[in-house]
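# Structural overview
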Amino acid sequence: MSYENFATVVKDALNYRKLILFVFVLCSSAGVAVGLYWPKYYTSEATIFIEEENILGPLMQGAAVQTDVVDRAKLAREIVYGRDILLQILEEGGWLEEKPSPLQQEQLLESMRSRLVIKNASMNLLRFSYKDIDAERSYTTLKRVVDMFVSESLATKLDESRSAFEFIDKQVKEYHQKLKLAEDELKKFRSGNVDIRSGSMQEITTRIQELQTRVTTIEQELREERIKKQTLLAQLSGEAETAAGLSRAEEYRKRIIELQSQLDTLLLNYHDTYPDVVRVRNQIQDLKNALKREESDKKNNSSGNTIVIEGVEVDERIQASPVYQQLRTDLYATNSLIQTLASRLTDAKKSLEIQAELGRRTHELQATLAELERDYQVNSDIYQDFLRRREAARVSMNVDLEQKGLNLRIDEPPYLPSSTSGLGLTHFLAGGFALGLLLPIGILFGVLQIDPRIRNASQLNQFTDIPIIGMVNEFYAESEIKSIKNSYISTFLLGLLTVVAVLVVALIFK
Amino acid sequence: MSNLEKALKKAISARNKNKPEDSATGETAAELYSEEAAVRSKGEIQTMRENELLRKTDLEERKFISRDISDVKVVDQFREIRTHIYQASRRNNSPILVTAVSGNAGNTFVTKNIAAAIALDDSRTSLVVDCNLTNSGFKNLLREPDQLGVIDYLEGGISLEDIIKPVGISRMRLISAGAKKESVTDHLTSSRLRALFNELQERYSDRIILVDSPSINDSADAKILANLFSHVVLVVPYRKVTETQIENAIKVIGKEKIIGIVINREPRLLSLFKYTR
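Residues numbered from 1 in each chain as written. Chains lettered and ligands numbered in written order. Predicted model: local features only at pLDDT ≥ 70, side-chain atom pairs only at ≥ 80, totals over all residues.

## Some thoughts on the overall build of chain B
- The helix and strand inventory of chain B stands at 13 helices and seven strands.
- In chain B, the share of contacts with a sequence separation of at least 24, taken over all contacts with a separation of at least 6, comes to 78%. (Helix = DSSP H or I, 4+ residues; strand = E, 2+ residues; numbered from the N terminus. Contact = placed C-beta atoms within 7 Å.)

## As for the interface of chain A and chain B
- On the side of chain B, 40 residues touch chain A, which itself brings 29 residues to the contact.
- Take the side of chain A that touches chain B: its biggest share by element is six residues, from strand β8 (residues 468-473) of chain A.
- In terms of residue class, the side of chain A that touches chain B is made up of 19 nonpolar, four polar and six charged.
- Relative to strand β7 (residues 258-266) of chain B, β8 of chain A runs parallel, the two being bridged by four bridges. Within β7 of chain B, the position partnered with Ile-468 of chain A by the bridge is Ile-261 of chain B. (Nonpolar A, V, L, I, M, F, W, Y, C, P; charged D, E, K, R; others polar. Pairing = 2+ DSSP bridges.)

## Digging into the confidence of the model for chain B
All names here are of chain B.
- Overall, the predicted model of chain B reaches an average pLDDT of 78, with 74% of residues at or above 70.
- Throughout residues 16-47 the model reports pLDDT below 50, and contacts reaching past four residues in sequence, or to other chains, amount to 27 contacts.
- Across the predicted assembly, pTM comes out at 0.53 and ipTM at 0.74. (pLDDT = per-residue confidence, 0-100.)

## Some details on the packing of helix α2 (residues 17-37) of chain A against helix α13 (residues 478-509) of chain A
Residue and element names in this part refer to chain A.
- Where α2 meets α13, the closest approach of the two axes is 10 Å, and the angle between their N-to-C directions is 5 degrees. As judged from the angle between their axes, α2 and α13 are roughly parallel. In this structure, α2 contributes Arg-17, Lys-18, Leu-21, Phe-24, Val-25, Ser-28, Ser-29, Val-32, Gly-35 and Leu-36 to the contact, and α13 contributes Thr-491, Leu-494, Gly-495, Thr-498, Val-499, Val-502, Val-505, Ala-506 and Phe-509.
- Of the residues in the contact of α2 with α13, the class split is eleven nonpolar, six polar and two charged. (Axes fitted to C-alpha atoms, helices over the stretch in contact; angles between N-to-C directions. Parallel < 35°, antiparallel > 145°, perpendicular 65-115°, else oblique.)

## Side note on unusual backbone geometry
- In this structure, Lys-63 of chain B is a non-glycine residue whose phi angle is positive, near 60 degrees.
- Tracing the backbone through its elements, the reader meets Lys-63 of chain B in the loop between α4 (56-61) and α5 (72-88).

## A closer look at the packing of helix α5 (residues 83-93) of chain A against helix α7 (residues 135-192) of chain A
Residues and elements named next belong to chain A.
- At a closest axis distance of 10 Å, the pairing of α5 and α7 adopts a crossing angle of 145 degrees. In the packing of α5 onto α7, the handedness of the crossing is right-handed. In this structure, α5 uses Ile-85, Ile-89, Glu-92 and Gly-93 to contact α7, whose residues at the interface are Arg-137, Thr-141, Arg-144, Val-145, Met-148 and Glu-152. (Left-handed = near helix turned anticlockwise from the far one by under 90°.)

## Side note on the sheet that holds β8 of chain A
- Spatial strand order, β8(A)-β7(B)-β6(B)-β1(B)-β5(B)-β2(B)-β4(B)-β3(B): eight strands in an open sheet with mixed pairing. The open sheet terminates on both sides in strands that have one partner only, identified here as β8 of chain A together with β3 (164-166) of chain B. Each adjacent strand pair in this sheet contributes to an overall mean axis angle of 25 degrees, direction not counted.

## Brief notes about the confidence of the model for chain A
- Averaged over chain A, the pLDDT score is 82; the fraction of residues at 70 or greater is 87%.
- Taken together, the stretch residues 65-69 of chain A has pLDDT below 50 and engages in four contacts with residues farther than four places along the chain or on a different chain.

## Some details on the nonpolar core
- Formed by 80 residues in total, the largest nonpolar core has its most connected members in Val-211 and Leu-234 of chain B.
- Take this core: its biggest share by element is nine residues, from helix α6 (residues 107-120) of chain B.
- Here this core gathers at least three residues from each of two domains, domain 1 (3-61) and domain 2 (72-275) of chain B.
- Once you skip the residues sitting within four places of it in the chain, Val-211 of chain B turns out to touch Pro-95, Ile-96, Leu-97, Val-98, Val-129, Cys-131, Leu-225 and Phe-229 of chain B.
- Listed in part, the 16 residues of the second largest apolar core include Ile-50, Ile-118, Leu-126 and Phe-128 of chain A. (Core = buried A, V, L, I, M, F, W, Y, C linked by C-beta atoms within 7 Å. Buried ≥ 20, exposed ≤ 12 C-beta atoms within 10 Å, placed from the backbone. Domains from an automatic or database assignment.)

As structure tokens, then:
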């Protein structure tokens, strides 16, 4: 604000001095009037130290999650502003003696709520304040409120610890039942499956492994024996053939060759008609015929005197061969060994199957057992835990019952207020004076801001560059000057007089 | 003591019989002294016919500034305006029209006191021509209200000397509006008005001629007069007119003609206590 504007406002103020005086008188009078009629309130205060912690908190630590409790004042208000408590206070304070209608009663409650203020003073301090037009009543009411709050809180706390105990007790019983059930089931299972011992599975595994080794071994042996038998059979048939081939045809040919050479020798000395030569020749012919017959016999296989061993035809004639005899003995031995091995293999496989089945069953049973045992263990753990907690809760409840664990105490008891609080007469007086001065000046300022009429040179200079060659005041004659001066002085004196009058009125009617 | 002084003193004391003798003589002595000084300084002015001069109380009553009135601040303010008027009329002594933006601006007050301020200067004389023909502000200054004035002159038949009247202040003269009031605008448009001012300008070349007129936004007369003169002082009343009104007035007059703006009736702060004796 420029000096010029300020000066303009002051000039205007002097110009409108009577109006301003009027407004000042009006405001001051209003101030003193309102100040005198404004009800005087006495405020009583009390602080309560509170260390409220939900009893379930420590009891259930780790087992359950607690919600944080922060606004104690809000909780306290919830207790104190409750209809029951307030009605009780109203009744004890004598407000209800005239039997107010429900509507009036509701209004009384509302007014009580507005006058009773509960605030968080610090972390653990609650400040109660109550204001009333009667100092005595202000004190007694607040005292009652505080007492009721404390007792109600304790009752609530006891209630809380009892309900906590009951809750835990219920849980204990529930888990006891569960535990018992688990135990029964385990017992039943164990008695039904005696063979299931811990470690039996290992034995079974070892046994299965042994059996498997045995089966493998037997199978190996069996395979070997079978190969041996094959070999023996092959040898046997080969020997027979060899033996059979050698026996007659070879003899015949040998004989024929011998006789041929004999014949050749004879022919050197003798004619064909020589008896010896003829005989030898006949013999050779006989032998050749016999060989022929033999070969055709062989071809027809119709010698008839053959035996069949393991699919191999053996001529009776070669049965006498010692090698053959030996082979046959070996073959018999091998055959009997194969028989034995096969039966052993079957046995081993059977018992392996049995063991595998047993192992499978043992697995299932053991899983079931483990589950039952785990159930039992969990139930047992929780049960033990709850048992401990229940004892703690019982102690807490007992502590609350005896009010020994009290963490709620009146830090600063209510007192009888000696002086009024809130807006007093002085405030209203000062307010009236200030308003009386500031309101008209403010209005003048406002008018100056919005009034388009030209008041000073700077306003003129804003839109024209024509020089301002002079500012002329109103010209006053000496007598006029005197009267104007007197008017200023009288206005000022009247203002002073108003202040004095207002103060006197305030003092008299206070 | 000269005869003139004796006559003056006699007349003044006769007019103020009720007043205590000592104060009356004291006050008039100063007036007389200044008058004497004026007479000595310029021979021509000496010839001016001075009737009975106004006493201090009468001056104050008529809202005239003078050397020894109580309210010195206003005197100073008019002296300052006077300086600007001197600068404007230095060349050819053309008449200066004093007009206001709107009615009731105290236009007449400004005009007559500029004239009075000029008259305070021993070496100068001033003449006020009242051209506010319908609503003259000078009537109370004249002893006889129906004295001859501008209108009478314009109608003809009388000489300049018949209308130039003393107002009771040394070195200041007045031509009043005149008695008759009909169809004044016609008079203003007549060439005789122009002739009147030409004659005034020529005959009284040492006089500063101030023309009082109606306010520019309210009266057609003022617009006609504004066309007639080349020097105009615009009076702006304090807290009465808006920017638009002032701009309008400036436009009607013509910006180049305006010597300057005088803000009138500015309320006083505490200068009443400070500047008064």
